[in-house]
Amino acid sequence: MKRIVVFLLAVCLCFPFISCTKEEKENKVISDILFLGDDLMETSKVYEYFEELCRINGKTSVSITHYALEDARMYTYADMCKEDKEFRSLVKNADVILFQEGSAETATTLESVTKLLEYADDPLVVCISYYGYPRWMHRNIFLNSHPDFRYADSNTVIGGILTPEDAPVGYEHLYEDDYRHPNELNGFIVSLICYSKVYDVKPANIKWQGIEEKQGLMVGTPCTTAAELAELLSELHKGVIKHIN
């Protein structure tokens, strides 16, 4: 009887520590963010716009690093973990990893991401789906093995923004001349979605004003002035709010 009582007391005493550990994990301070992708990520500059959003919204202590290598796949980065000590350290220290698996899913994606995460320290993982590459391609692959992944589903959001007859921009305004590589206007939208997923905040509460001063946003749009661009970005922001909230 005494043994049972002692056991129950020990279990009860452990509960506060277990709860505290879980709470600490959920409230983990985000200091290091790592973006991984290919030339789609490079042309969109999503990591630059994400960094701007962090600055504008008071996340000034966050360190953001990116690798956007042409034709890279997640197996590229899994291999880099084994071969590159500096890169391996970035993965290890990352509180958040956002990745984009090239222009299409491959049979090695799940294996590669799993291998890469073996070098990480339980980061928040966000999978970026660019417009034209549906999220189910990612979600079906990771649903059973990594159900805690979050999805920056720009494919659905941008598709919804462009559907109405009074859409603020057309397909040709979100891509470069090859109609394949997303431009920086596209990257702005994706950065809003990524920020929403990383910080678990509604897009309506994300401040973006000031980003219209970046010249790369003007390219490919019908805008000729910063004021016109600001109005366009405001409409796009409303579109993101509509399709995520």
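For the structure itself, look to the data block above.
Side note on helix α10 (residues 226-244)
Inference 1: Its 19 residues place the ends of α10 27 Å apart at the C-alpha level, agreeing with the 27 Å of an ideal helix rising 1.5 Å per residue.
Inference 2: Residues Leu 229, Ala 230, Leu 232, Leu 233, Leu 236, His 237, Gly 239 and Val 240 constitute the buried set of α10.
Inference 3: The inward-facing, buried residues of α10 abut α8 (154-162) and α9 (184-199).

Quick notes on the packing of aromatic side chains
Inference 1: Tallying each qualifying case throughout the model produces 14 aromatic pairs.
Inference 2: An angle of 50° between the planes, with centres 5.8 Å apart, marks the rings of Phe 50 and Tyr 195 as tilted. Of this pair, Phe 50 sits in helix α3 (residues 46-56) while Tyr 195 sits in helix α9, placing them 145 residues apart in sequence.
Inference 3: Classification of Phe 50 as buried rests on a relative accessible area of 0%.
Inference 4: An angle of 70° between the planes, with centres 6.2 Å apart, marks the rings of Phe 99 and Phe 149 as edge-to-face. Of the two residues, Phe 99 is situated in strand β3 (residues 96-99) and Phe 149 in the loop between α7 (136-142) and β5 (150-153); the sequence distance between them amounts to 50 residues. Phe 149 shares its class with Phe 99; the two are buried.
Inference 5: Taken together, the ring pairs in this structure connect Phe 35, Tyr 47, Phe 50, Tyr 195 and Tyr 199 into an aromatic cluster.
Inference 6: The ring of Tyr 151 is capped by Arg 139, whose NZ or CZ atom sits 4.4 Å from the centre of that ring.
Inference 7: Just above the ring of Tyr 49 sits the side chain of Lys 214; from NZ or CZ to the centre is 5.4 Å.

A look at the pairing of strand β4 (residues 124-129)
Inference 1: Among the six residues of β4, six are classified as buried, and the element is accordingly described as predominantly covered.
Inference 2: Residues Leu 124, Val 126 and Ile 128 line one face of β4 and the alternating positions Val 125, Cys 127 and Ser 129 line the opposite face, and both faces are buried.
Inference 3: Here four bridges tie β3 to β4, and the two strands are oriented parallel to one another. Bridge assignment links Val 96 to a residue of β4, and that residue is Leu 124.

Remarks on helix α4 (residues 74-83)
Counting along an α-helix, one turn takes 3.6 residues, and residues three or four places apart therefore face a common direction.
Inference 1: Among the residues of α4, those classed as buried are Met 74, Tyr 77, Ala 78, Met 80 and Cys 81. Along the long axis of α4, the arc covered by the buried residues comes to 155°, so they all point the same way. For α4, the exposed residues lying more than 90 degrees away from the buried face are Lys 82 and Glu 83.
Inference 2: Those residues of α4 that are buried lie in contact with β1 (32-37), β2 (63-68), α5 (85-93), β3 and α6 (109-117).

Observations regarding the environment of Tyr 75
Inference 1: With respect to the element layout, Tyr 75 can be found in helix α4.
Inference 2: Apart from residues no more than four positions distant in its own chain, Tyr 75 is found in contact with Thr 108 and Ser 112.

Structural notes on the environment of Ile 128
Inference 1: Here Ile 128 lies in strand β4.
Inference 2: Discounting residues that sit within four places of it in the chain, Ile 128 has contacts with Phe 35, Met 41, Leu 98, Phe 99, Gln 100, His 138, Ala 152, Val 190 and Cys 194.

Thoughts on unusual backbone geometry
Inference 1: For Tyr 179, which is not glycine, the phi dihedral falls at a positive 55°.
Inference 2: Structurally, Tyr 179 is set in the loop between α8 and α9.
Inference 3: Within the chain, Asp 200 stands out as a residue other than glycine whose phi angle is a positive 50°.
Inference 4: Mapped onto the fold, Asp 200 is located in the loop between α9 and α10.

Conventions adopted
- Residues numbered from 1 in each chain as written.
- Predicted model: local features only at pLDDT ≥ 70, side-chain atom pairs only at ≥ 80, totals over all residues.
- Heavy atoms only, no water.
- Helix = DSSP H or I, 4+ residues; strand = E, 2+ residues; numbered from the N terminus.
- Expected span 1.5 Å × (residues − 1).
- Buried < 20%, exposed > 50% of the residue type's maximum accessible area, 1.4 Å probe, protein only.
- Contact = heavy atoms within 4.5 Å.
- Phe/Tyr/Trp six-rings, centres within 6.5 Å; stacked < 30°, edge-to-face > 60°.
- Lys NZ or Arg CZ within 6 Å of the ring centre and 35° of its normal.
- Pairing = 2+ DSSP bridges.
- Arc of directions from axis to C-beta.

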